[in-house]
Amino acid sequence: MIIGILDLQGDVEEHQLITEKTFEEMNIDGTTKLVNVLEDIKDCDGLIISGGESSTIGMHLKKTGIYEYIKTSGIPILGTCAGLVLLSEKTDQDQPLLGLINASVKRNGFGRQRMSFETDITFNNEEYHGIFIRAPYVDEISDDVEVLSKYDDKIIAVKQNQYMGIAFHPELTEDTLVHKVFLNEVLNYIS
């Protein structure tokens, strides 16, 4: 299994490390690969889009052709923070969106950088410690979107088909729960 990690912004190295740890824990023969141009993604079985500035990431995806590849290939994607925004159909800014999850997302929904926080949440029916940095939240979903987590009555993790978007940063913890759920999605998709 090859998991691509978009190498533009965010905690790229941290996502690599936690993904590799998850491969070990799940006994999967896998590797991570940095994705920056279209050729990089073509042999990947899944893609992680980490945090950063979602408008900038979206423009990069369009400029490199990765945007069209994602839209047509069906490659499973885990989007964290800015990645959640990009996976959604709608947000409160005018920017490129992949529209792969039928959801509307409020960027910086929990406030700016100084309002970042950590808290215990339930993710996919399991206890998890969430780290929120300028985090968005989902303010509207369609019936075919599965809610994986809420905090303070706000939706913070969703899944639709092989696409999973979360508002927090699992790469900043040692807990592999989020990446396990994602890698199981990838396994289902490639089998």
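Predicted model only: the values in this text are computed from it and were never measured.

Visitor: It is not clear to me how the overall build of the protein should be interpreted in this structure. Could you clarify?
Guide: Tallying secondary structure elements over the protein gives six helices and 12 strands in all. Expressed as lengths along the three principal axes of its C-alpha atoms, the size of the protein is roughly 40 × 35 × 35 Å. By the burial criterion, 53% of the 191 residues in the protein qualify as buried. Residue pairs in contact within the protein that sit at least 24 positions apart in sequence constitute 67% of those at least 6 positions apart. Entry remark: accessible area of the protein is about 8,600 Å², with carbon and sulfur atoms responsible for 42%.

Visitor: How should the side chain of S104 be read in this particular structure?
Guide: Looking at where S104 falls in the secondary structure, it is placed in strand β6 (residues 101–106). The contact partners of S104, leaving out residues within four places of it in the chain, are K90, Y137, V138, D139 and E140.

Visitor: Explanation requested: the pairing of strand β4 (residues 77–80) in the structure shown.
Guide: Within a regular strand, side chains alternate between the sheet's two faces. On β4, burial covers both faces: I77 and G79 on one face and L78 and T80 on the other are all buried. Where strand β3 (residues 46–49) meets β4, three bridges bridge the pair, whose relative direction is parallel. Paired with I49 across the bridge in β4 is G79.

Visitor: Honestly, unusual backbone geometry in this entry has me stumped. Any pointers?
Guide: Of note, N27 is a non-glycine position whose phi angle comes to about 55°, a positive value. Along the polypeptide, N27 turns up in the loop between α1 (12–26) and β2 (31–35). In this structure, N125 is a non-glycine residue whose phi angle is positive, near 70°. Looking at the secondary structure, you find N125 in the loop between β7 (117–123) and β8 (126–132). The class of N125 is exposed, set by a relative accessible area of 73%.

Visitor: Quick question: what am I supposed to make of the pairing of β7 here?
Guide: Examined bridge by bridge, β7 and β8 share seven bridges and lie antiparallel to one another. Within the sheet, the bridge partner assigned to E118 lies in β8 and is I131. The loop that links β7 with its antiparallel partner β8 comprises two residues; one of these, N124, has a positive phi angle of about 50°.

Visitor: How should helix α6 (residues 177–190) be read in this particular structure?
Guide: One full turn of an α-helix is made of 3.6 residues, so residues set three or four places apart face in the same direction. Here α6 contains 14 residues, and its C-alpha end-to-end distance of 20 Å stays within 8% of the 20 Å for a straight helix at 1.5 Å per residue. All of the buried residues in α6 are L177, V178, H179, V181, F182, L183, E185 and V186.

Calculation rules
- Residues numbered from 1 in each chain as written.
- Predicted model: local features only at pLDDT ≥ 70, side-chain atom pairs only at ≥ 80, totals over all residues.
- Heavy atoms only, no water.
- Helix = DSSP H or I, 4+ residues; strand = E, 2+ residues; numbered from the N terminus.
- Buried < 20%, exposed > 50% of the residue type's maximum accessible area, 1.4 Å probe, protein only.
- Contact = heavy atoms within 4.5 Å.
- Areas by Shrake-Rupley, 256 points an atom, 1.4 Å probe, with all protein chains shown as cover.
- Pairing = 2+ DSSP bridges.
- Expected span 1.5 Å × (residues − 1).

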